[in-house]
Amino acid sequence: MTDIPKYKLVSRQWKNKKTIIDVKGCKIGGDDLFLIAGPCAVESEEQIETIASYTSKLGIKFIRGGAFKPRTSPYSFQGLKETGLSLLKQVSNTYDLGIITEVMDLSLLDTVYPYTDIIQIGSRNMKNYHFLKEIGKTDKPIMLKRGMDATMEEWLLAAEYILLGGNENVILCERGIRTFDTSNRNTLDIAGIALAKQLSHLPVISDPSQATGNRDLIKPASLASIAAGADGLMIEVHNDPKKALSDGPQSLYLEQLGDMMPDFAKVAKAVGKTCSWSHKHEIVNV
Ligand code: PEP
Ligand code: MN
């Protein structure tokens, strides 16, 4: 028998059957390419309503949007907080969308918990081990971003902390790492997506938005992620990216997202994945 790695519960050696997370009718880590789209941050009722109305017509079942934002500068927009959560709930009810939003700190878990279907743990918190241990006691699926300075092993060990807490529904999210090359915001570790899938039974998704920082690179980064075996994509999109309060340069225009989705479906099909959203998408585009 091969040696069991340090990240035991997360490893393929421990569980040689892929973990499929069933949430809001989506089977994350299964055959279907899972899509999440939405703004970096919830900014207003008009903003989230316009975006949700569009993305739901494309057949995208999950909306993202930060209500509590981890910003590098304390002077930058910090999120609408509880108001942002209520706005997410509002569009979730109107368009039957699942919600993913970040829990930045243990003290915010009780506030965010009732609103979200998947708990997002940000890159900056991937090494907050006490937080990971405690969040592992919750019963909602958790999406764990890769730390921007984390090795593959550190990332998988961070997931191990969550599984040890009792929660096995963890989704890994590659969002780019910092390298010597600053021409992109981060460096999207495409081979890392393939490697994480080989080493672990957990679903792996890609966030080309934080990885590239540039809306013109979202399409190639997404296609490459799908080709590398990603189980899904989480993409930032905005109704008016030039006026976005955070991450405008990497946010797609709504139409751009619609335009690139048929190509997502082509590459997905080539690597043996299905796209349940593509039928609806075709109807919208005729
Ligand atoms: C985000 O998804 O908007 C975000 C802040 O992500 P990360 O934690 O990967 O920087
Ligand atoms: Mn962002």
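Scroll up to find the structure this text is about.
Quick caveat, the model's predicted, so the values are computed rather than measured.

A. Highlighting the pattern of salt bridges. Under the definition given, this model contains 17 salt bridges. The shortest N-O distance in the salt bridge between Lys127 and Glu154 comes to 3.3 Å. Note that Lys127 is positioned in the loop between β6 (118-121) and α4 (129-135) and Glu154 in helix α5 (residues 152-164), a separation of 27 residues in sequence. Here Lys127 falls in the partly exposed class, since its relative accessible area comes to 32%. Here Asp263 makes a salt bridge to Lys219, at a shortest N to O gap of 2.7 Å. One end of the pair, Asp263, is in helix α9 (residues 254-270); the other, Lys219, is in helix α8 (residues 218-227), with 44 residues separating them in the sequence. Members of the salt-bridge network, linked through shared partners, are Lys127, Asp149 and Glu154.

B. Local environment of the site of ligand 1. Taken together, Cys40, Arg64, Lys69, Gln120, Gly122, Ser123, Arg124, Lys145, Arg175, Gln210 and Glu236 make up the full set of residues near ligand 1. Between ligand 1 and the protein, one listed contact pairs an oxygen atom with a side-chain N or O atom of Gln210 at 3.3 Å. Alone, ligand 1 offers 290 Å² of accessible surface; in the complex the protein occludes 97% of this. At a threshold of 2 Å from the grid points, most atoms of ligand 1 map onto the largest pocket. Tallied by class, residues from the shell around ligand 1 come to 1 nonpolar, 4 polar and 6 charged.

C. Inspection of the coordination of the manganese ion (ligand 2) at higher detail. Every protein donor of the manganese ion (ligand 2) is accounted for by Cys40 (SG), Glu236 (OE) and Asp247 (OD), and the metal-donor separations fall at 2.0 to 2.4 Å. Every donor residue of the manganese ion (ligand 2) comes from the same chain, spaced as C-x195-E-x10-D. Of the two residues, Cys40 sits in the loop between β3 (34-38) and α1 (45-57) while Glu236 sits in strand β10 (residues 232-238), which places them 196 residues apart along the sequence. Relative accessible area serves as the criterion here: at 3%, Cys40 is assigned to the buried category.

D. Region of interest: the pairing of β10. Burial runs high along β10: 7 of the 7 residues are buried. Alternating positions in β10 separate into two faces, Gly232, Met234, Glu236 and His238 on one and Leu233, Ile235 and Val237 on the other, with burial throughout. For β3 and β10, the ladder comprises 5 bridges, and the chain directions are parallel. Looking across to β10, one finds that Gly38 is bridged to Glu236. Sheet analysis places strand β9 (residues 204-206) next to β10, joined by 2 bridges and oriented parallel. Its bridge partner lying in β10, Ile205 is registered against Gly232. Of the strand pairs in this sheet, β10 and strand β11 (residues 252-253) are connected by 2 bridges, and their pairing is parallel.

Rules and cut-offs
- Residues numbered from 1 in each chain as written.
- Chains lettered and ligands numbered in written order.
- Predicted model: local features only at pLDDT ≥ 70, side-chain atom pairs only at ≥ 80, totals over all residues.
- Heavy atoms only, no water.
- Salt bridge = Lys/Arg side-chain N within 4 Å of Asp/Glu carboxyl O.
- Helix = DSSP H or I, 4+ residues; strand = E, 2+ residues; numbered from the N terminus.
- Buried < 20%, exposed > 50% of the residue type's maximum accessible area, 1.4 Å probe, protein only.
- Near = heavy atom within 4 Å.
- Polar contact = N/O pair within 3.5 Å; in protein donor to acceptor, adjacent residues only side chain to side chain.
- Areas by Shrake-Rupley, 256 points an atom, 1.4 Å probe, with all protein chains shown as cover.
- 1 Å grid on protein atoms, 1.4 Å probe; cavity = no way out; pocket = protein on both sides within 12 Å on 5 of 7 lines; lining within 4 Å.
- Sits in = over half its atoms within 2 Å of the grid points.
- Nonpolar A, V, L, I, M, F, W, Y, C, P; charged D, E, K, R; others polar.
- Donors = N, O, S within 2.8 Å, 3.2 Å for Na, K, Ca; no water.
- Pairing = 2+ DSSP bridges.

Function-wise, these values are silent; they only describe arrangement.
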